[in-house]
Amino acid sequence: MVRRNDERRAALVDAAIEVLAAEGARGLTFRAVDTRAAVPTGTASNYFASRDDLFTQVGARVYERLIPDEETIAAQQALTPGLETYAVLMRELVGRISAFRTGYLALLELRLEATRRPALRAVLSARVRADLDANVAYHAQSGLPGDATGVLLLVLALNWLIVEQLTLPDVFSEAEREQLVTAAVERLVAPPDRP
């Protein structure tokens with residue numbers, strides 16, 4: 001029988017994120033999660049029906065933790081729409097995601113694992129699609145320049161910049177990364193007065 005202490009479950013899933021980032025998918029075992037969470041051996045197996053269940057719940061949790069807090073959203077909404085504001089928002093996004101290094105590295109592991117686990121692929125696909133749709137909808141109501149295609153292209157470009165930053169941090173300096181984010185915004189988001 002799977003246990004339902006939500007606080008303990010969240011702590012175990014958070015420990016699983018750390019294990020995935022450090023050890024990869026092969027290292028994600030119930031025992032490794034128990035060790036990382038500093039709980040008695042066998043605890044994780046009481047909370048997850050299978051290893052597939054653990055992977056699926058980790059996939060959902062990483063995205064929960066990447067959502068900006070209400071204070072960040074309010075500050076973003078208070079900015080005047082324009083290309084510079086757009087660049088500020090994208091630099092904040094790259095910084096926020098990069099700050100959760102283990103989460104993003106775990107997410108990369110999960111994406112690879114999703115090629116072999118249909119349930120995980122379904123969870124990640126639904127979550128990524130929902131996030132893309134939410135980003136496009138937020139953009140449409142924000143008054144920022146550009147269109148849905150520009151938003152999607154920025155997501156794709158910035159995701160790879162984040163991968164570079166987290167896996168090969170010496171490729172680009174912090175100043176270069178900031179310049180690249182600004183250039184991506186300027187080149188991928190055509191203001192209404194440009195053809």
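Bear in mind that the values here come from a model prediction, so they are computed numbers and not experimental data.

Student: A description of the environment of Thr35 should follow, citing residues and the corresponding values.
Tutor: When you line up the elements, Thr35 lands in helix 2 (residues 30-37). For Thr35, a relative accessible area of 62% gives the class exposed.

Student: Can you break down helix 6 (residues 83-99) residue by residue, with the values?
Tutor: Taking 1.5 Å per residue, 17 residues should reach 24 Å; helix 6 reaches 24 Å between its end C-alpha atoms and fits that length. Every buried residue of helix 6 is accounted for by Thr85, Tyr86, Ala87, Leu89, Met90, Val94, Ile97 and Ser98. On its buried face, helix 6 is in contact with helix 4 (51-66), helix 5 (70-77), helix 7 (101-114), helix 8 (118-142), helix 9 (148-167) and helix 10 (174-188).

Student: For the pattern of salt bridges, give the residues involved together with the corresponding values.
Tutor: Following the criterion strictly, the structure yields 11 salt bridges and no others. Among the salt bridges present, the one from Arg61 reaches Glu64, with a minimum N-O distance of 3.3 Å. Linking Arg61 with Glu64, this pair stays in helix 4, spanning three residues, or about one helical turn. Within the structure, one salt-bridge network assembled from shared partners comprises Asp14, Arg61, Glu64 and Arg65.

Student: Tell me what's going on with the packing of aromatic side chains, and back it up with residues and numbers.
Tutor: Applying the stated criterion across every chain, the model contains zero aromatic pairs. In this structure, Arg9 packs its charged tip against the face of Phe48, placed 5.3 Å from the ring centre.

Student: Kindly report on the confidence of the model for the protein, identifying the contributing residues and their values.
Tutor: Across the protein, the average pLDDT comes to 91, with 95% of residues at or above 70. Per-element averaging of pLDDT across the protein places helix 5 at the bottom with 88 and helix 2 at the top with 97.

Thresholds applied
- Residues numbered from 1 in each chain as written.
- Predicted model: local features only at pLDDT ≥ 70, side-chain atom pairs only at ≥ 80, totals over all residues.
- Heavy atoms only, no water.
- Helix = DSSP H or I, 4+ residues; strand = E, 2+ residues; numbered from the N terminus.
- Buried < 20%, exposed > 50% of the residue type's maximum accessible area, 1.4 Å probe, protein only.
- Expected span 1.5 Å × (residues − 1).
- Contact = heavy atoms within 4.5 Å.
- Salt bridge = Lys/Arg side-chain N within 4 Å of Asp/Glu carboxyl O.
- Phe/Tyr/Trp six-rings, centres within 6.5 Å; stacked < 30°, edge-to-face > 60°.
- Lys NZ or Arg CZ within 6 Å of the ring centre and 35° of its normal.
- pLDDT = per-residue confidence, 0-100.

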